[in-house]
Amino acid sequence: MASEIKISFHKQLFLQLIIFSWTIVLCFIGFQYQREKEYKSEFINSQLQQYNRHLLDNIEEGLAYEDYIATHNKPFDELRISIITLSGAVIYDNAISIDSLDNHRNRPEVANALTKGEGYNISRLSASDGRQYFYSATRGERVVVRTAIP
């Protein structure tokens, strides 16, 4: 005969309350983690978008973008800057030779920038150097400026 383990009603109730409490705690931690991740993404995106807009203003005024990039402070170390035509061709990249880059029109952040004016993508793997980047793109009248940080 198999013996059954008898747990009193009070112990069953106590275990159910403990399990319920831990479920609430885990849900709260998951919710807070998601909110923090969204907050950080929006914060980083806003800083990159501001840099993108300043660079776009200089490009729209006809100033050399190389001079702006070389002389102005960047919001993050290891900032990667790409200037992309509206057709998707890369005309400038400060980290990779543009000869090795393909058309960027279908990249998520560039596609959003072309349709909505701006876009970002979290932790997308770079096809050119294999690193994960946070990408942020802003559309201007003639070009899209995309910045990225590892």
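As shown above, the structure is provided for reference.
These lines cover the structure that appears in this document, whether it is placed above or below.

Each value, and the rule that gives it
- Residues numbered from 1 in each chain as written.
- Predicted model: local features only at pLDDT ≥ 70, side-chain atom pairs only at ≥ 80, totals over all residues.
- Heavy atoms only, no water.
- Helix = DSSP H or I, 4+ residues; strand = E, 2+ residues; numbered from the N terminus.
- Rg over C-alpha atoms; globule rule 2.2 N^0.38 Å.
- Buried < 20%, exposed > 50% of the residue type's maximum accessible area, 1.4 Å probe, protein only.
- Contact = heavy atoms within 4.5 Å.
- Areas by Shrake-Rupley, 256 points an atom, 1.4 Å probe, with all protein chains shown as cover.
- Lys, Arg positive; Asp, Glu negative; His and termini not counted.
- Charge placed at Lys NZ, Arg CZ, Asp CG, Glu CD.
- Pairing = 2+ DSSP bridges.
- Axes fitted to C-alpha atoms, helices over the stretch in contact; angles between N-to-C directions.
- Phe/Tyr/Trp six-rings, centres within 6.5 Å; stacked < 30°, edge-to-face > 60°.
- Lys NZ or Arg CZ within 6 Å of the ring centre and 35° of its normal.
- Salt bridge = Lys/Arg side-chain N within 4 Å of Asp/Glu carboxyl O.

**Section: the overall build of the chain**
Link 1 in the chain: If you tally the helices and strands in the chain, you get 3 helices and 5 strands.
Link 2 in the chain: Ordered by position from the N terminus, the helices and strands of the chain form the series α-α-β-β-α-β-β-β.
Link 3 in the chain: A globule of 150 residues ought to have a C-alpha radius of gyration of about 15 Å, yet the chain, at 24 Å, is considerably larger.
Link 4 in the chain: Sorting the 150 residues of the chain into buried and exposed places 33% on the buried side.
Link 5 in the chain: When contacts within the chain are restricted to residue pairs at least 6 apart in sequence, long-range pairs at least 24 apart make up 50% of them.
Link 6 in the chain: When the accessible surface of the chain is summed, it comes to about 10100 Å², and 57% of that surface belongs to carbon and sulfur atoms.
Link 7 in the chain: Of note, the chain has its 16 positive side-chain charges centred 10 Å away from the centre of its 18 negative side-chain charges.

**What about the sheet that holds strand β2 (residues 90-93)?**
Sheet strands pair by backbone hydrogen bonding; their relative direction is either parallel or antiparallel.
Link 1 in the chain: An order of β2-β1-β5-β4-β3 is seen for the 5 strands of this open sheet, with the pairing classed as antiparallel. Here the strands that pair on one side only, and so sit at the sheet edges, are β2 and β3 (118-125). Neighbour to neighbour, the strand axes of the sheet diverge by 20 degrees on average, direction disregarded.
Link 2 in the chain: With 3 bridges connecting them, strand β1 (residues 80-85) and β2 associate as antiparallel partners. Looking at β2, one finds that S82 is bridged to D93.
Link 3 in the chain: Its contacts with the sheet put helix α1 (residues 9-60) on β1, β3, β4 (132-139) and β5 (143-149), and the angle it makes with β4 is roughly 45 degrees.
Link 4 in the chain: Helix α3 (residues 108-116) contacts β1, β3, β4 and β5 of the sheet and is inclined by roughly 175 degrees relative to β3.

**Quick word on unusual backbone geometry**
Link 1 in the chain: One non-glycine residue, E78, lies in positive phi territory at about 60 degrees.
Link 2 in the chain: For E78, the position within the fold is in the loop between α2 (65-71) and β1.

**Some thoughts on the packing of aromatic side chains**
Link 1 in the chain: In the structure shown here, the tally under the stated rule is 5 aromatic pairs.
Link 2 in the chain: Residues Y51 and Y68 carry aromatic rings whose centres are separated by 5.8 Å and whose planes lie at 50 degrees to one another, so their mutual orientation is tilted. Of this pair, Y51 sits in helix α1 while Y68 sits in helix α2, and the two are 17 residues apart along the sequence.
Link 3 in the chain: Residue Y51 is classed as buried on the basis of its relative accessible area, which comes to 4%.
Link 4 in the chain: The ring of Y133 carries R80 above its face, with NZ or CZ at 5.5 Å from the centroid.

**A short note on the pattern of salt bridges**
Link 1 in the chain: In this structure the tally under the stated criterion is 5 salt bridges.
Link 2 in the chain: The salt bridge involving R131 is made with E78; its shortest N-O contact spans 2.9 Å. With R131 in the loop between β3 and β4 and E78 in the loop between α2 and β1, this residue pair connects regions lying 53 residues apart in the sequence.
Link 3 in the chain: Residue E78 is classed as exposed on the basis of its relative accessible area of 54%.
Link 4 in the chain: The salt bridge partner of R146 is E109, with a shortest N-O separation of 3.0 Å. Of this pair, R146 sits in strand β5 while E109 sits in helix α3; the two residues are 37 residues apart in sequence, bridging distant segments of the chain.

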